[in-house]
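In case you want the letters, here they are:
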Amino acid sequence: MASPSRSGVFAAETDQRLEAYAESITFDSRLYQQDIRGSIAHADMLRSVGLITEEEFTQIRKELEVIRGQLDRGELPMRFELEDIHMHVEQALIDATGDVGRKLHTARSRNDQVSTDVRMWIREALDKIDELLLGLQRAFLGRCEDDFDVIIPAYTHLQRAQPVLAPHYWLAYIEKLQRDRGRVADCRARVNQSPLGIAAVAGTTLPIDRQQTAAALGFDGITANSLDTSSDRDFVLESSFVLSMIASHLSGWAEEWILWSTVEFDFIAIPQQFCTGSSIMPQKVNPDTLELTRGKSARVMGSLQTLMLLVKNLPLAYNRDLQEDKPPLFDAFDTTQAMLELATPIVAGAKLKRESIAARIEKGYLDATTLMEWMIRKGMPQRTAHHLVGAIVGAAMEKGVPLAELPIETLNELSSEIDESVYEVLGTQNAVAAFCSEGSTAPQRVREQIAVWKERLA
């Protein structure tokens, strides 16, 4: 059977090698729900403007619901010569209703049809991603109260820097995920414009109502220019970029927790149901889920690169190249969803190794910056205090003790301006308690932020 897309202008049958080369049904069949919803809305609009009768619309809608059921159950055969899901649905309708089914494609092209279907699919997929991001935020927030008494080292350049409360760290990821959710929402707004009715490239001479189909399908409005709409895949690239940012955040988190779970760090125990063993080393408990998250993030970012290269040289308007946008798009969404679904129970179930953390928290002179700022409050210039504290740290390193264990005599040898009150800011507990600025790890500030996020994520 020839494809319904081939008109009477063709004098030769399609080469079977082209049928196999050009088909997209093997990957775009997952758009069938959106395609049928869009077709019903389009048919209803055709009825409203008098291009089909009430009886024809009723027959079309009824048969499209039958086809939906067949696709739900996997009963509709997939044929390469029908190329894509749009032609499969339309041909099944024509087979069942004859000329009535042939009227469905009035004032519509596969160009606006596929754009509509993909926008609807992305819209739903973004909503799912946002739901998963919210769940991950809640998992981090759920740790904050239980871990409030734990102080961990913050790192810069992967070197110990300053002490922070563990919930301050959890809140940092809540902030990252909130930016991700903001990008999801921004992207969704641009996705949610209806292209249906721009037809192939120039619009149509028929008296259609694009606003009606847009409203029926839950779009916020309609696209404004038929040429732009026919060629536009910005919404595909933008959604892929949003997913790449999420994947980057998840990869960074995974890398940190992989490090934290090593004997060298010994900060955290990953839930064993998300770890694997070794085929030869019986002692191993490997954080494979986190390693796979780190690895799979590359697939998501690679999808964005594929999409960018796909569209970079395309002239206006539609080109068949755009058929190739769906495999990387679908893979990026599927991979990101899988990463998020596993991240949430790992975050919720991991255990901080409190004794191990506490045993080494005074190493690395995490209170050095707090000491410097104590001197600044005493009136010493910052650069002078910075140099002096470096010398004090050097003395402590030579003695092999933390700053809080340096006797006042040693401190006075380096500066006569230091008095006994300095010990009120030395040691990680005192250093954390000394913080006060907004956005800092100050206990009161952290409690305020926990309260804010409890309200926002309720």
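Residues numbered from 1 in each chain as written. Predicted model: local features only at pLDDT ≥ 70, side-chain atom pairs only at ≥ 80, totals over all residues. Heavy atoms only, no water.

### Description of the side chain of Ser251
As for its position among the elements, Ser251 is in helix H11 (residues 234-260). The exposure class assigned to Ser251 is buried, which follows from its relative accessible area of 13%. Of note is the side chain of Ser251, whose polar atom sits 3.5 Å from the side chain of Ser297. Ignoring any residue separated from it by four or fewer positions in sequence, one finds Ser251 in contact with Arg294 and Ser297. (Helix = DSSP H or I, 4+ residues; strand = E, 2+ residues; numbered from the N terminus. Buried < 20%, exposed > 50% of the residue type's maximum accessible area, 1.4 Å probe, protein only. Polar contact = N/O pair within 3.5 Å; in protein donor to acceptor, adjacent residues only side chain to side chain. Contact = heavy atoms within 4.5 Å.)

### Topic: the packing of aromatic side chains
On inspection of all chains with the given rule, the structure shows 14 aromatic pairs. The interplanar angle of 55° and the centroid separation of 6.5 Å between the aromatic rings of Trp170 and Trp260 together place this pair among those described as tilted. With a gap of 90 residues between them, Trp170 in helix H8 (residues 166-191) and Trp260 in helix H11 connect regions that are remote in the sequence. Note on Trp170: relative accessible area 0%, which makes it buried. Ring pairing ties together the aromatic residues Phe140, Tyr155, Tyr169, Trp170, Tyr173, Trp253, Trp257, Trp260, Phe265 and Phe267, which thus form one cluster. Of note, Arg30 hangs over the ring of Phe330, and the distance from its end group to the ring centre comes to 4.5 Å. (Phe/Tyr/Trp six-rings, centres within 6.5 Å; stacked < 30°, edge-to-face > 60°. Lys NZ or Arg CZ within 6 Å of the ring centre and 35° of its normal.)

### A closer look at the nonpolar core
Judged by nonpolar contacts, the single largest core of 94 residues is most densely connected at Ile122, Phe140, Trp253 and Trp257. Within the second largest apolar cluster, 22 residues are counted, among which are Tyr365, Met372, Leu388 and Ile392. (Core = buried A, V, L, I, M, F, W, Y, C linked by side-chain atoms within 4.5 Å.)

### Digging into the layout of surface pockets
Space inside the second largest pocket adds up to approximately 430 Å³. What lines the second largest pocket is a set of 24 residues, among which Ala154, Val164, His168, Tyr169 and Ala172 lie closest to the centre. Put simply, the parts of the chain that give the lining of the second largest pocket at least two residues each are strand S1 (151-156), H8, H11 and helix H19 (443-456). With 7 residues, the top contributor of residues to the lining of the second largest pocket is H8. For the lining of the second largest pocket, the residue count by class is 14 nonpolar, 6 polar and 4 charged. (1 Å grid on protein atoms, 1.4 Å probe; cavity = no way out; pocket = protein on both sides within 12 Å on 5 of 7 lines; lining within 4 Å. Points joined across faces, edges and corners; volume = space filled by probe spheres on them. Nonpolar A, V, L, I, M, F, W, Y, C, P; charged D, E, K, R; others polar.)

### Digging into helix H15 (residues 368-377)
Among the residues making up H15, those that are buried are Ala368, Thr370, Leu371, Met372, Trp374 and Met375. Buried residues belonging to H15 abut helix H16 (382-399) and helix H18 (428-434). Backbone geometry just downstream of H15 places Gly379 in the positive-phi region, at approximately 105°.

### Structural notes on a nonpolar patch on the surface
Taken together, the side chains of Val201, Leu227 and Leu316 define a hydrophobic patch exposed on the protein surface, amounting to about 260 Å² of accessible area. Take Leu227: it is sitting in helix H10 (residues 226-231). Take Leu227: its relative accessible area is 40%, and that puts it in the partly exposed class. (Patch = residues over 30% accessible without salt bridge, like charges linked within 9 Å, V, L, I, M, F, W, Y side chains within 5 Å. Areas by Shrake-Rupley, 256 points an atom, 1.4 Å probe, with all protein chains shown as cover. Salt bridge = Lys/Arg side-chain N within 4 Å of Asp/Glu carboxyl O.)

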